[in-house]
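Residues per chain, in single letters:
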Amino acid sequence: MLTLKLAFRTLMKRKGRMALIGILVAFGTFLIVFGGVFAASAAEASRASIIGNFTGDFIVYSARSKELPSPFAFATPLPNIKNPEELSAVLDAMDGVEAYSFYAQNYGLIQVEREGKKLDLPFIFYAVDPGPYRKVFSNVQVEEGSFFGLPPKNGTEGKELPSPGILISKYQNNQYKENYGVTLKVGEPITLLGITEGGVNTARSSLLGIFEPIRYKSVFNYINFLDSDTYAGLYNFTGVDALPDAFNAGLAAASVDESSLFDLAADEDFGKLDLSTLTSQSLSGFTMVAVKLKDHSRVDEAMALISAQPELGVAVARWDKASGFYAQISLALQAFIFLATGLIFLVVTMIFMNTLIINVVERTAEIGTMRAIGADKSFVRGVFLAETLILNITAAIFAMLVSVVLLALAGKNGVPLPETVSQFLIGGGPLAIRVGILPFIVALVTVVAVSVLATIYPVSVASSITPLKAMNDR
Amino acid sequence: MNVVELQDVKKFYMLGQTRVDALRGVSLSIGQGEFLAIAGPSGSGKSTMLNMFGCIDIPSEGTVRIDGTETEHMSDKELTRYRRTKISFIFQSFNLIPVLNVYENIEFPLLLQRTLSRADRHARVMKAIEEVGLQDRLKNKSTELSGGQRQRVAIARALVTKPLIVLADEPTANLDSETGKRIIELMRTINETEKTTFVFSTHDAHIMKEAKRVVRILDGLIIDPDQGKEG
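The structure presented is a predicted model; accordingly, all values stated were derived computationally and were not measured.

1. Some words on the overall build of chain B
On a plain count of helices and strands, chain B comes out with seven helices and ten strands. Taking 17 Å as the expected radius of gyration for a compact globule of 231 residues, we find that chain B reaches 17 Å, a close match to that expectation. Dimensions of chain B, computed from the C-alpha atoms along their principal axes, are close to 50 × 40 × 40 Å. Taken across its 231 residues, chain B has 48% of its residues classed as buried. Restricting the contact set of chain B to residue pairs at least 6 apart, pairs at least 24 apart contribute 70%.

Set out below in structure tokens:
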């Protein structure tokens, strides 16, 4: 009680200097709380945006792939998933899976005719199964036409089959106009050109819709959509259900050495395949499956279930690994905020320590007197520590109250961010603020820790003052 | 029994490469209830001697006994406890705690002792305040008091713990002569009524006259240990 009384009165006596320290501590606390809330909100918004736009909770991809999935792997597509039906069966059987969508990334050309001239327009796309894709992702707002002929998302979904065709972004259409003088119109027939190892394939298609990306405009402005059936045809993802057993056995035998291969070629019966007995099968060409879970917190558990089945020939990548650099941006932001806050607190600590040392020097006689009268060193330490804690915790609480008010105001409409920052961090738009208790706890713990740390040296100076100093004070 | 005893106490300091001998072999005994002045010019060693009595400095050589106990090997904690219970100080510059009022300053050493109840503390504080005649200044801060009043508060603070000995280092040096005289008279009255041992340093001849015994010191040596000794 005596310690607190002395500490409080000393603070009141030196309120000018202490107010300055208090303001610094309050500012630091405000930064921690605001920075923490901002970083946590950004991390949450970034996670939700990445999951809702690019990856789902996790991506399943071919185990043969040497690269991780990425939203930008158009130039180096991942290997195809070998057994999509088996994978689908596994995913269907998993309780926690809300929806999943096979898809692939690739590029090709759109060929249109204008005034008798054929124009080839570049076309980067996601090849999707439209229904499932829309169950996993909410990344486009169709402005003209429809999403592959499906009714609006909150309409009678699932009751109609999707139509084959393409969707392009509004930005892409403007680019076509700007660079090629061509504006595509919904319903317009087009020819798609797919570049494969065997040459250029073509497919008749039509423009089903023009969309505006909801988020990540810097990515989705350049990405278009193609239905998976057209994609499979265009890129030769077609085979037969099964070859005759004798044919397979012959092939297997011929693979032993060169002479057996020539023997096989000489066998007239071997080459006589009855094509009518073969069932044509459209292969998917899908390279990835985005899986959306009912409960995001169970993502690792769900991934482990799939990883435990090597016969599927697939690997899994969590949303943050499969998002390219987007998740890293959020992490980098958090690191920056913590680093900046740490540096500011370091400066505050130094200033505070300096002020305390000045205090100690000015109060040498007072401390010496206390020691002469019979105060232990621990009492002197207690007085200084109490002064520091009273001042800093009061400043911290004040800053927290201000933060709560400001965060409540900011939370109403979100915090507007510069467009470029917003695009990379959360996919665009204002940052929705989510106020949690953690930044407040972190701020308080930091302030207490900094207070104690900043007090160590001045207190050691103070407690080393001998009663002799009181005697010598003239 | 002697309250304080110095036996061949030497104290030297190093000022750079130069050795300064503050005390050069001092032996002195102070009995219970004495009212003793240590007299000498500035730099003679009187403050150093008081510091030895008060356990706030340790001798380079020799022995200091307080209440029969040698202080040489005591830890800082033990010396602090000794000061808290057996020794009180009156400083030349009063040395009141600036953020505390008169009452709180006097109560301060009792709070450090943590032995008395609130009521007992209050009774002790009020008695000490009455002895120095500051009943009407209880709530005043030290900055609101005159020099004489501040020193009275310091005397009350020194007396409130009922110490074995009160050490006063030139207690009148910052006071005008009339006020200084009244302060010494007050100390002497308390010495006579409460039998409290007072040791004070001074170089003022008028103040010295009030002492029952004067010990003269010069260049770190006692030159006249028994002048005016009673009995």
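Having seen the model, we can carry on.
2. Focus on the interface of chain B and chain A
Where interface size is given, it is often the accessible area lost as the parts come together that is meant. Of the residues lining the interface, 21 residues belong to chain B; the matching set on chain A comes to 20 residues. Among the elements of the structure, α1 (46–53), α2 (76–86) and α3 (102–113) of chain B are those that each provide at least two residues to the side of chain B that touches chain A. Considering only residue class, the side of chain B that touches chain A consists of ten nonpolar, six polar and five charged.

3. Side note on the nonpolar core
Val33 of chain A together with Leu36, Ile38, Ala156, Leu167 and Val199 of chain B are the most contacted members of the largest nonpolar core, which totals 117 residues. Per element, the largest residue contribution to this core is 15 residues, and it comes from helix α2 (residues 15–55) of chain A. Excluding anything up to four places from it in sequence, Val33 of chain A contacts Ala399, Met400, Ser403, Pro439, Phe440 and Ala443 of chain A. Ile166, Phe220, Met303 and Ala322 of chain A belong to the second-largest nonpolar core, a separate cluster that totals 64 residues.

4. Remarks on α1 of chain B
All names here are of chain B. For α1, a buried count of eight out of eight residues is recorded, marking the element as mostly surrounded by other parts of the structure. Taken together, the buried positions of α1 are occupied by Lys46, Ser47, Thr48, Met49, Leu50, Asn51, Met52 and Phe53. Immediately downstream of α1, the backbone of Cys55 shows phi near 60°, a positive value.

5. Regarding helix α4 (residues 118–132) of chain B
Residue and element names in this part refer to chain B. The terminal C-alpha atoms of α4, which comprises 15 residues, lie 21 Å apart, in line with the 21 Å expected from a rise of 1.5 Å per residue. Those residues of α4 that sit buried are Arg124, Val125, Ala128, Ile129 and Val132. Take α4 and look down its axis: the buried residues cluster within an arc of 135°, on one side only. Pointing more than 90 degrees away from the buried face of α4 are the exposed residues Ala119, Asp120, Ala123 and Glu130. In this structure, the buried residues of α4 make contact with α3, α5 (147–159) and α6 (177–194). Positive phi appears at Gly133, one or two residues downstream of α4, with a value of about 70°.

6. Thoughts on the domain arrangement of chain A
Residues and elements named next belong to chain A. According to the domain assignment, chain A consists of domain 1 (2–49 + 328–472), domain 2 (57–241 + 279–318) and domain 3 (245–274). Contact with domain 1, which involves four residues of that partner, is made by four residues of domain 2. Of the residues contributing to the side of domain 1 that touches domain 2, the split by class is no nonpolar, four polar and no charged.

7. Observations concerning the packing of α3 of chain B against α5 of chain B
All names here are of chain B. With their axes 7 Å apart at the nearest point, α3 and α5 run at an angle of 30° to one another. Judged on the interaxial angle alone, α5 and α3 are roughly parallel. Of the two possible hands of crossing, α3 and α5 adopt the one that is right-handed. On the side of α3, the interface is formed by Val102, Asn105, Ile106, Phe108 and Pro109, while α5 contributes Val153, Ala156 and Arg157.

8. Some remarks on the sheet that holds strand β4 (residues 61–66) of chain B
All names here are of chain B. Here we have four strands laid out as an open sheet, ordered β2-β1-β4-β5, and antiparallel in their pairing. Both edges of this open sheet fall to β2 (18–31) and β5 (69–70), since each of them pairs with a single strand only. Here strand β1 (residues 2–15) pairs with β4 via five bridges, running antiparallel. Pairing of Leu6 across the sheet is with Val64, part of β4.

9. Thoughts on unusual backbone geometry
Residues and elements named next belong to chain B. One non-glycine residue, Asp67, lies in positive phi territory at about 55°. Looking at where Asp67 falls in the secondary structure, it is placed in the loop between β4 and β5. Looking at Asp67, the number of C-beta atoms within 10 Å reads 17, which means it is partly exposed. In the Ramachandran plot, Glu170 falls in the positive-phi region, its phi being about 45° despite a non-glycine side chain. Residue position: Glu170 is located in the loop between β7 (165–169) and α6.

The rules behind each value
- Residues numbered from 1 in each chain as written.
- Chains lettered and ligands numbered in written order.
- Predicted model: local features only at pLDDT ≥ 70, side-chain atom pairs only at ≥ 80, totals over all residues.
- Helix = DSSP H or I, 4+ residues; strand = E, 2+ residues; numbered from the N terminus.
- Rg over C-alpha atoms; globule rule 2.2 N^0.38 Å.
- Buried ≥ 20, exposed ≤ 12 C-beta atoms within 10 Å, placed from the backbone.
- Contact = placed C-beta atoms within 7 Å.
- Nonpolar A, V, L, I, M, F, W, Y, C, P; charged D, E, K, R; others polar.
- Core = buried A, V, L, I, M, F, W, Y, C linked by C-beta atoms within 7 Å.
- Expected span 1.5 Å × (residues − 1).
- Arc of directions from axis to C-beta.
- Domains from an automatic or database assignment.
- Axes fitted to C-alpha atoms, helices over the stretch in contact; angles between N-to-C directions.
- Parallel < 35°, antiparallel > 145°, perpendicular 65-115°, else oblique.
- Left-handed = near helix turned anticlockwise from the far one by under 90°.
- Pairing = 2+ DSSP bridges.

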